[in-house]
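Secondary and tertiary structure notes
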Amino acid sequence: MSKNILFCLTGSISCYKACEVISGLIKTGYSVQTVTSDSALKFIGEATLEGLTGRKVLTNTFEPGTMMSHIDLARWSDLILVCPASAKTINNLASGTLEGLIGELYLANNFRKPFLIAPSMNSEMLAHPATQENMLKLKKYGARLLDTDHGQLACGETGWGRLLNPTTILQIIGEYFSTETETRGLDI
Ligand SMILES: Cc1cc2nc3c(=O)[nH]c(=O)nc-3n(C[C@H](O)[C@H](O)[C@H](O)COP(=O)(O)O)c2cc1C
């Protein structure tokens, strides 16, 4: 059975790398529904996301016809990934006060299905005590915080904070479902 991934994008330069992850998920056979913050749409166009997934991009909680989407989507999903996760989104998720559809999905999911967060930000934003403390808080609640890569950042600095390599993110997601795949293999 195909797995359903809710793919949430927030405002980071690395939204373009997230498209590679989405493309890889689609090629593997997952159904992917994208949800974006308003800022994410300044970095990547709806045409790209809809073109990759074949599904309308969701951003607005109050869009006519989709008003129960935070509950429906949380039920539909087998895994939720926030990728890239901006500093602002991480810090607001930790207090449960993130505005918009991503914030509502986070609360409605309530860690019943895996909730993964792939941070992407400047190294000082990452090292900030508020970000560090809130990442720990999210882990304690039940989220899986992915590492970041070390290297050159868009701001010109070198350090931690780069979005993890798309191939690594795809591997991590694949691991969540690999046991089921093996079991299915035995059934055949
Ligand atoms: C060119 C540019 C690149 C940015 N890259 C990042 C980033 O990688 N990580 C981050 O946390 N914020 C980044 N920001 C700032 C966020 O986009 C900004 O804080 C935004 O309000 C985040 O909103 P959101 O979390 O609701 O998507 C960037 C801003 C600009 C203008």
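Residues numbered from 1 in each chain as written. Predicted model: local features only at pLDDT ≥ 70, side-chain atom pairs only at ≥ 80, totals over all residues. Heavy atoms only, no water.

1. Some details on unusual backbone geometry
What you tend to see is this: most non-glycine residues have negative phi, and most peptide bonds are trans. Residue Pro 84 is reached from Cys 83 by a cis peptide bond, and omega for that bond is 0°. Its location among the elements puts Pro 84 in strand S3 (residues 79-85). Positive phi values are uncommon outside glycine, yet Asn 110 reaches one of about 50°. With respect to the helices, strands and loops of the structure, Asn 110 is situated in the loop between helix H6 (101-109) and strand S4 (115-119). You will see that Phe 111, though not glycine, has its phi angle at about 60°, which is positive. Here Phe 111 shows up in the loop between H6 and S4. Look at Phe 111 and you get partly exposed, because its relative accessible area is 24%. (Helix = DSSP H or I, 4+ residues; strand = E, 2+ residues; numbered from the N terminus. Buried < 20%, exposed > 50% of the residue type's maximum accessible area, 1.4 Å probe, protein only.)

2. What about the packing of helix H5 (residues 87-95) against helix H8 (residues 129-141)?
The N-to-C vectors of H5 and H8 enclose an angle of 50°; their axes lie 9 Å apart at closest approach. Comparing the axis directions of H5 and H8 gives the class oblique. Classified by chirality, the crossing of H8 by H5 is left-handed. Within the contact between the two elements, H5 uses Ile 90, Asn 91, Leu 93 and Ala 94 and H8 uses Ala 130, Thr 131, Asn 134, Met 135, Lys 137, Leu 138 and Tyr 141. Considered class by class, the residues forming the contact of H5 with H8 number 7 nonpolar, 3 polar and 1 charged. (Axes fitted to C-alpha atoms, helices over the stretch in contact; angles between N-to-C directions. Parallel < 35°, antiparallel > 145°, perpendicular 65-115°, else oblique. Left-handed = near helix turned anticlockwise from the far one by under 90°. Contact = heavy atoms within 4.5 Å. Nonpolar A, V, L, I, M, F, W, Y, C, P; charged D, E, K, R; others polar.)

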